[in-house]
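Remarks on the overall topology
As a plain string of letters, each chain reads:
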Amino acid sequence: MKNPPNRELGPLLLEERERRGWNQRTAADYFNVSNPTISSWERGESIPSFDEQMLERITDFLGLDSDEMAILIVRSIVEWQERRARS
């Protein structure tokens, strides 16, 4: 994926997971999280912790460069916070 579209991280993760033919368990193993965590990310109910290891995995998984990933992170955090404020 080049130039992340104007979408949040969750739908992008879901799209890439399905493109690879992975189930949520496989994705959970790849990201070293639980199935419910993957589900929550994909639905936009939560976002990953953006520690160095997770950033590397997400960047690799989505095929982004560091600039594209930075844009995606900021967009995802802002939209997640706005959604939580409306709840």
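One structure accompanies this document, and this report is about it. (Residues numbered from 1 in each chain as written. Predicted model: local features only at pLDDT ≥ 70, side-chain atom pairs only at ≥ 80, totals over all residues. Heavy atoms only, no water.)

Leu13, Phe31, Ile58, Leu62 and Leu72 are the most contacted members of the largest nonpolar core, which totals 16 residues. If you list the elements that add at least two residues to this core, you get helix H1 (9-20), helix H2 (24-31), helix H3 (35-43), helix H4 (52-62) and helix H5 (66-86). When residues in this core are grouped by element, the largest group, four residues, is from H4. Residues in contact with Ile58, not counting those within four places in the same chain, are Leu9, Phe31, Pro48, Phe50 and Met69. (Core = buried A, V, L, I, M, F, W, Y, C linked by side-chain atoms within 4.5 Å. Buried < 20%, exposed > 50% of the residue type's maximum accessible area, 1.4 Å probe, protein only. Helix = DSSP H or I, 4+ residues; strand = E, 2+ residues; numbered from the N terminus. Contact = heavy atoms within 4.5 Å.)

This next bit is on the packing of aromatic side chains. Evaluation of the coordinates by the stated rule reveals six aromatic pairs. A centroid spacing of 5.2 Å and a plane angle of 70° characterise the contact between Phe31 and Phe61, whose relative ring orientation is edge-to-face. On the criterion of sequence distance, the pair formed by Phe31 in helix H2 and Phe61 in helix H4 is long-range, its members being 30 residues apart. Phe31 sits in the buried class, given a relative accessible area of 3%. Residue Phe61 is classed as buried on the basis of its relative accessible area of 1%. (Phe/Tyr/Trp six-rings, centres within 6.5 Å; stacked < 30°, edge-to-face > 60°.)

Moving on: the environment of Glu45. Tracing the chain through its elements places Glu45 in the loop between H3 and H4. Since its relative accessible area comes to 48%, Glu45 is described here as partly exposed. Taking C-alpha positions, Glu45 is 7.7 Å from Trp80, a pair spaced 35 residues apart along the chain. If we ignore the near neighbours within four places in the chain, the residues touching Glu45 are Ser40 and Trp80. Engagement of the side chain of Glu45 in a polar contact is seen with the side chain of Arg43, the distance being 2.5 Å. (Polar contact = N/O pair within 3.5 Å; in protein donor to acceptor, adjacent residues only side chain to side chain.)

Below, the discussion takes up the pattern of salt bridges. Enumeration according to the criterion identifies six salt bridges in this entry. The salt bridge partner of Glu42 is Arg17, with a shortest N-O separation of 2.6 Å. A residue pair is termed long-range when its members are at least 10 positions apart, and Glu42 in helix H3 and Arg17 in helix H1 qualify at 25 residues. For the pair Glu42 and Arg17, one class covers both residues: buried. Linking Glu45 and Arg43 is a salt bridge whose minimum nitrogen-to-oxygen distance equals 2.5 Å. (Salt bridge = Lys/Arg side-chain N within 4 Å of Asp/Glu carboxyl O.)

Worth remembering: the numbers are spatial, not functional.
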